[in-house]
Amino acid sequence: MTDLATDRADGTDMTELTDMTELTESTVLTETAESTETTTQTDTAGATGAPVAVVGMACRFPGADDLQGFWRLLRRGGDAIGPGTGLREGRRPGGYLRDVELFDAELFGISPHEAALMDPQQRLLLELCWHALEDARIAPTAGGATGVFVGSCSDDYALMSRMSAVVDAYSMTGTARTFLANRLSYFFGFTGPSTVVDTGQSSSLAALDQALGSLRRGECATAVVAGVQLNLTPTGDRLIEELGAMSPTGRCHTFDRGADGIVRGEGAGVLVLKPLEAALAAGDRVYCTVLAAAVNNDGGGASLTTPTQSAQQSVLAEAYRRAGVDPAAVAYVELHGTGTKAGDPVEARALGGVLGRGRPADRPLLVGSVKTNIGHLEGAAGIAGLIKTAASLHHRELPPTLNHRRPNPDIDLDGLRLRVSTRRRAWQPDEGPLVCGVSSFGLGGTNAHAVLGEAPRREDAVPVPAPAEPVPGSVEPVPVLLSGHTDAALRSQAARLADRLEDRPEGGDDVDLRDLGLASATTRAALPVRAAVIASGRTQLVASLRELADGTHEDGARDDGTTVLTGRPGAQPPDRPAPGDGSAAVGAAATAAAAAFVLGKPVDWLAVYGPRARPADLPLYAFQRRPYWLDTTATAGGPAAEDAAPQWSGDPLDLVLDLTVEILGRTPGTDLDLDATFTDLGLDSRMAVALRTSVARATGRVLPTTLLFDHPTPAALIEALRADDTKGHEFR
């Protein structure tokens, strides 16, 4: 959520917004390496674990393709429930994602054939994890001691794959649920724990609980927590209907008289977590803190799927005990709130018994549910509620809950000291530090609750005036870097950055180009197609970015004093461009650093931008998505040996090249480096098996399983096959 700091920019009259529960605050001293500052934090005396910071978030939910879109949807009270469209046309009303078949396989080094066999939930998590890391100002290629904890309880694509009889070497890694986490660890180079948690509808909050424990035990320095749910077949609808839990009206009415069942939704969210102390020391943006979480099970009851009030009260009490927070001090709870006749009254009584107790009648606990906006995301329900609540804490504003007009007669809201928050409300400056809760309960009785706190606020922070627009030549130019995995991706990145810079209001806060440049160099992946714009001011930078986006740029210096360089790592260095007018000696270091970047040479970026530079927010990466689905496997290329062997002409050179290109999913005739290893060319172990099998079938030879281990480059394999021809097929 790189632009969440635009709270209340729509001119809303905040005097109309209802005040919220006042909380006592305590002041503690936080000491960093550079200074000692007074910060405001929640009083957590008696807490059983250090707070954890949420430093990055990304999501894709119904009606919202990203975090900023989700916040806009919530603020305006948007309803994203509608009939199924596209691949889900004709399905009953629910919260559906658009274009679930689209994926940027090339960025992630995945062949078209493998992408078609991958669960779209895996694809969605790859893209969102990339964006969450960027939002946390962590380069997606950084890797390291990061744990991955994914909550999920559905795998419709695996069912579709089995029914379609499309099975090959990628089917297991493409559809087994464990690879929802393991795929992220593999691609991003994460070496911490990698776990998928399935506790039903509480899965993603249960995953959060495991992540907190792992961070506090030192098993990982950073944690990625995710929840994902895609409802790709109508089978899940039918199952919920058979339970009698599906809403016939197609709307979720949390705690309302009209509550008649669940409205299904889908989507995914990803969080990046760090210990709060580490996040503050690093200068990270902190959306909120996670003070504690707790998980338990009903342990019996009227039936396997009937919720139990005593168990829910127990998990609430345990969560606030671990957080060291008085339940009466909680400002808001994001409900499980499914809108079912059985579940809502039980949840309300449990909340009233733990968090409503002792509150004055005129200051009830505020509650709400994002399910009224986007539906019940089942395995991702907890992460959806948590992201909503984290954004609310960050903005100090609570979006409205929809569809609540008349209280459920089985819920005594006044007696329980609860109030459904149906209007947008702002926390006032003197209220805080704020504490909120998030609940998520599984159908099989596994209950989870997380306690969130407001991010520490530096009381002595002094606003820094926006710098004036520099005059070209009066300030040393700085390089702003861009890269993409394709030319189109690079152009899209240039357009996005130009849009971001132009969206800043005239006379409003401006961004220091040194901060922008440092972020472009240190918080983004350096991909193969690269460009650098060396500029002294925003106006000149935007003009060059527009030319890059339009494909009309020319490398070299411009009359306005800016310089544009483009290139790829390993390419021959171009002649250094001549400086623009009046800048013969200015910007030489910036130009040298930019040239090194586009050619893939190492650069000390802190030396380039200076010690006062701090990474600014940048637009998130522009994925270049294409459709991949089970019905595209026949045309996508890939490792299936029966589909991959072309007619053999008798020349091993043509055979090896054609097969390798086809298995990699590249365009026929693509040039390959014959001396590069198959691994460097992009073949993984399953592709290697497919290549060996295809060569064997085409040549009629029995080849050893160690073929590519013994001959690891195309050149070596070609020579081995030619030698085998002269020796009477000794491979056999």
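Residues numbered from 1 in each chain as written. Predicted model: local features only at pLDDT ≥ 70, side-chain atom pairs only at ≥ 80, totals over all residues. Heavy atoms only, no water.

S.K.: How should the sheet that holds strand E10 (residues 332-334) be read in this particular structure?
M.R.: Pairing is mixed across the open sheet formed by 11 strands, whose spatial order is E6-E5-E7-E8-E3-E9-E16-E15-E10-E11-E13. Edge strands, defined here as strands with exactly one partner in the open sheet, are strand E6 (194-197) and strand E13 (418-420). Adjacent strand axes in the sheet meet at a mean angle of 25°, parallel and antiparallel pairs treated alike. (Pairing = 2+ DSSP bridges. Helix = DSSP H or I, 4+ residues; strand = E, 2+ residues; numbered from the N terminus. Axes fitted to C-alpha atoms, helices over the stretch in contact; angles between N-to-C directions.)

S.K.: Hey, could you run me through empty space enclosed by the protein in this one?
M.R.: In this approach, a probe sized like a water molecule rolls over the atoms, and the result shows the empty space that is left. Taken as a whole, this structure holds three cavities of 30 Å³ or more when the rule is applied. Reported here for the largest cavity is a volume of approximately 90 Å³. Sorting the residues of the lining of the largest cavity by element identifies strand E4 (102-103) and helix H3 (120-135) as the ones contributing at least two each. Take the lining of the largest cavity: its biggest share by element is four residues, from H3. Residues of the lining of the largest cavity, tallied by class, amount to seven nonpolar, no polar and five charged. Estimated volume of the second largest cavity: approximately 60 Å³. For the second largest cavity, the full set of lining residues is Arg-91, Arg-92, Pro-93, Gly-94, Gly-95, Tyr-96, Asn-231, Asp-237, Met-246 and Arg-264. For the lining of the second largest cavity, the per-class residue count stands at three nonpolar, three polar and four charged. (1 Å grid on protein atoms, 1.4 Å probe; cavity = no way out; pocket = protein on both sides within 12 Å on 5 of 7 lines; lining within 4 Å. Points joined across faces, edges and corners; volume = space filled by probe spheres on them. Nonpolar A, V, L, I, M, F, W, Y, C, P; charged D, E, K, R; others polar.)

S.K.: Can you help me understand the pattern of salt bridges in this one?
M.R.: Oppositely charged side chains can pair when the atoms bearing their charge come close. What the rule picks out here adds up to 34 salt bridges. For the salt bridge of Asp-135 with Arg-285, the shortest nitrogen-to-oxygen distance reads 3.3 Å. Of this pair, Asp-135 sits in helix H3 while Arg-285 sits in the loop between helix H9 (276-282) and strand E9 (288-297), placing them 150 residues apart in sequence. Residue Asp-135 is classed as buried on the basis of its relative accessible area of 1%. Judged by its relative accessible area of 15%, Arg-285 falls in the buried class. When salt bridges that share partners are traced, they join Arg-91, Asp-237, Arg-264 and Glu-378 into one network. (Salt bridge = Lys/Arg side-chain N within 4 Å of Asp/Glu carboxyl O. Buried < 20%, exposed > 50% of the residue type's maximum accessible area, 1.4 Å probe, protein only.)

S.K.: Just checking my understanding: could you explain helix H1 (residues 67-75) for this structure?
M.R.: Count 3.6 residues to each turn of an α-helix, and residues three or four apart come out pointing the same way. For H1, the buried fraction is high: seven of the nine residues fall into the buried class. Looking only at H1, the buried set comprises Leu-67, Gly-69, Phe-70, Trp-71, Leu-73, Leu-74 and Arg-75. At the N-terminal end of H1, a side-chain oxygen is found 3.4 Å from the backbone nitrogen of Gln-68, two or three residues along, and the residue is Asp-66. Downstream of H1 by a residue or two, Gly-77 has a phi angle that is positive, lying close to 70°. (Polar contact = N/O pair within 3.5 Å; in protein donor to acceptor, adjacent residues only side chain to side chain.)

S.K.: What am I meant to see in the pairing of strand E18 (residues 478-484) here?
M.R.: Sheet faces and side chains relate simply in a regular strand, where the side chains alternate between the two faces. Along E18, seven of the seven residues are buried, which leaves the element largely enclosed by surrounding structure. Covered by surrounding structure in E18 are Val-478, Val-480, Leu-482 and Gly-484 together with Pro-479, Leu-481 and Ser-483, the residues of both alternating faces. Pairing analysis gives seven bridges linking E18 to strand E19 (residues 529-535), with the strands arranged antiparallel. In the sheet register, Leu-482 faces E19, and the bridge partner there is Ala-531.

S.K.: Would you take a moment to explain unusual backbone geometry for this structure?
M.R.: Most peptide bonds take the trans configuration, and most residues that are not glycine carry a negative phi. Even without a glycine there, the phi angle at Asp-99 is positive, about 55°. Among the structural elements, Asp-99 can be located in the loop between H1 and E4. Residue Asp-99 is classed as partly exposed on the basis of its relative accessible area, which comes to 44%. Despite not being glycine, Arg-396 shows a phi value in the positive range, around 55°. Tracing the backbone through its elements, the reader meets Arg-396 in the loop between helix H13 (381-395) and strand E12 (397-398). Residue classification places Arg-396 among the buried residues on the basis of a relative accessible area of 11%.

S.K.: Would you mind going over the confidence of the model for the protein with me for this structure?
M.R.: Caution applies to low-pLDDT parts of the model: their predicted coordinates are not meant to be read in detail. Predicted confidence across the protein gives a mean pLDDT of 86, with 85% of residues reaching 70 or more. A low-confidence stretch, residues 1-42 stays under pLDDT 50, and its non-local contacts, those more than four residues away or across chains, total 116 contacts. Confidence drops under a pLDDT of 50 for residues 460-474, and excluding neighbours within four residues, the segment shows 18 contacts in the predicted structure. (pLDDT = per-residue confidence, 0-100. Contact = heavy atoms within 4.5 Å.)

S.K.: Explanation requested: the environment of Arg-137 in the structure shown.
M.R.: Summarising the element assignment, Arg-137 is placed in the loop between H3 and strand E5 (146-151). Taking C-alpha positions, Arg-137 is 7.8 Å from Gly-56, a pair spaced 81 residues apart along the chain. If sequence neighbours within four positions are ignored, Arg-137 has contacts with Arg-285, Thr-523, Pro-615, Ala-616 and Asp-617.

S.K.: What am I meant to see in the packing of H1 against H13 here?
M.R.: In a pair of packed helices, the angle between the axes and the distance between the axes together describe the arrangement. Interhelical geometry of H1 versus H13 gives an angle of 80° and a closest axis separation of 11 Å. With respect to H13, the axis of H1 lies roughly perpendicular. Each of Leu-67, Phe-70, Trp-71 and Leu-74 in H1 lies in contact with H13, whose residues at this interface are Ala-384, Ile-387, Lys-388, Ala-391, Ser-392 and His-395. For the contact of H1 with H13, the class distribution of residues is seven nonpolar, two polar and one charged. (Parallel < 35°, antiparallel > 145°, perpendicular 65-115°, else oblique.)

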